[in-house]
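# Structure at a glance
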Amino acid sequence: LSRFHRLAGMLLDRASAAPAVLLVPVGAAQNGIHYLNLAAAGSVLLTGSRAETSQMTSSWVSSLGTLHPQEQLAFLAAGGGQANGAVPDPNFAAMPGDEGSRSVQQLAGELEEAIVSREAFVDSVPRPSIVSFAELAEQGVEYLTRLDTVIHRGPEHGIFIVCVAHQRVDAANMFGA
């Protein structure tokens, strides 16, 4: 992780209110660790077994939470796994009425409101980026349809979503890949 911190430190501008670089580890090979800049990728679909996605989201939350203070980055989670059991992080935003569980529909509504708010107050005080995790469960396509606005318009407003699925989801044209 120390090489990761050095790389991230070179790329990060600490004076910025919202991070322009959100590096998360996505794999390793003999020649090193591979990273994804979530800020450049926008929203992503992460598919794998519950154990695989839990390990990946936990490492992403740990990496991002270590590199970015609460003033720059907040996390939100929805669905059955709440970021798949990621280690609690102070960057996780507490929302009114949170009892540790938020539906994907609720998350979509909250993030859509945040987009509208950020569009209305473009010249105001910079706001932290939001990285949200949505566990799609068996209703994958229906949940993706509900999250369409956030997936496509969120990144330009510093709102990124990681959709987590434990089975194949037909997401053609949804994530721009």
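Conventions adopted
- Residues numbered from 1 in each chain as written.
- Predicted model: local features only at pLDDT ≥ 70, side-chain atom pairs only at ≥ 80, totals over all residues.
- Heavy atoms only, no water.
- Helix = DSSP H or I, 4+ residues; strand = E, 2+ residues; numbered from the N terminus.
- Buried < 20%, exposed > 50% of the residue type's maximum accessible area, 1.4 Å probe, protein only.
- Contact = heavy atoms within 4.5 Å.
- Areas by Shrake-Rupley, 256 points an atom, 1.4 Å probe, with all protein chains shown as cover.
- Core = buried A, V, L, I, M, F, W, Y, C linked by side-chain atoms within 4.5 Å.
- Pairing = 2+ DSSP bridges.
- pLDDT = per-residue confidence, 0-100.
- Expected span 1.5 Å × (residues − 1).
- Salt bridge = Lys/Arg side-chain N within 4 Å of Asp/Glu carboxyl O.
- Axes fitted to C-alpha atoms, helices over the stretch in contact; angles between N-to-C directions.

What the protein contains, in helices and strands, is seven helices and six strands. Each helix (α) and strand (β) of the protein, taken in turn from the N terminus, gives the series α-β-β-α-β-α-β-α-α-β-α-α-β. Sorting the 177 residues of the protein into buried and exposed places 44% on the buried side. Residue pairs at least 24 apart in sequence account for 69% of intrachain contacts in the protein once pairs closer than 6 positions are excluded. Accessible surface for the protein amounts to roughly 9,300 Å². Of this, 54% is attributable to carbon and sulfur atoms.

The next subject is the nonpolar core. Ranked by internal contacts, the top residues of the largest apolar core, which has 22 residues, are Leu111, Leu136, Leu147, Ile161 and Cys163. For this core, the secondary structure elements donating two or more residues are strand 4 (73–78), helix 5 (104–120), strand 5 (129–135), helix 6 (140–146), helix 7 (148–153) and strand 6 (159–165). Examining the composition of this core, we find that six residues originate from one element, helix 5, more than from any other. Listed in part, the 15 residues of the second largest apolar core include Leu22, Leu46, Phe160 and Val164.

Glancing now at the pairing of strand 2 (residues 32–37). Relative to strand 2, strand 1 (residues 23–29) is paired through six bridges, and the arrangement is antiparallel. When the bridges of strand 2 are listed, Gly27 appears paired with His34.

Below, the discussion takes up the confidence of the model for the protein. Of all residues in the protein, 71% attain a pLDDT of 70 or more, and the chain-wide mean is 77. In the model, residues 82–89 has pLDDT below 50 throughout and makes 23 contacts with residues more than four positions away in sequence or in other chains.

All right, on to helix 5 then. Here helix 5 spans 24 Å end to end across 17 residues, near enough to the 24 Å set by a 1.5 Å rise per residue. Among the residues making up helix 5, those that are buried are Val104, Leu107, Ala108, Gly109, Leu111, Ala114, Ile115 and Arg118.

Bringing the pattern of salt bridges into the picture now. Following the criterion strictly, the structure yields four salt bridges and no others. Notably, a salt bridge pairs Glu112 with Arg146, separated by 2.8 Å at the nearest N-O pair. A residue pair is termed long-range when its members are at least 10 positions apart, and Glu112 in helix 5 and Arg146 in helix 6 qualify at 34 residues. Arg153 is the partner of Glu119 in a salt bridge, and the nearest nitrogen-oxygen pair spans 2.2 Å. Here Arg153 lies in helix 7 and Glu119 lies in helix 5, a separation of 34 residues in the sequence.

Before going further, it helps to spend a moment on the sheet that holds strand 5. The pairing of strands in a sheet happens through backbone hydrogen bonds and is either parallel or antiparallel. Taken in spatial order, the four strands of this open sheet run 3-6-5-4, and their pairing is parallel. Either end of the sheet is taken by a strand with one partner, and the two such strands are strand 3 (44–47) and strand 4. Averaged over all pairs of adjacent strands, the angle between their axes in this sheet comes to 20 degrees, without regard to strand direction. Here strand 4 runs beside strand 5; their pairing, made up of six bridges, is parallel. Counterpart to Leu76 in the pairing with strand 5 is Ser132. Strands in contact with helix 5 are strand 4, strand 5 and strand 6; relative to strand 5, the strand with the most contacts, it is inclined by about 160 degrees.

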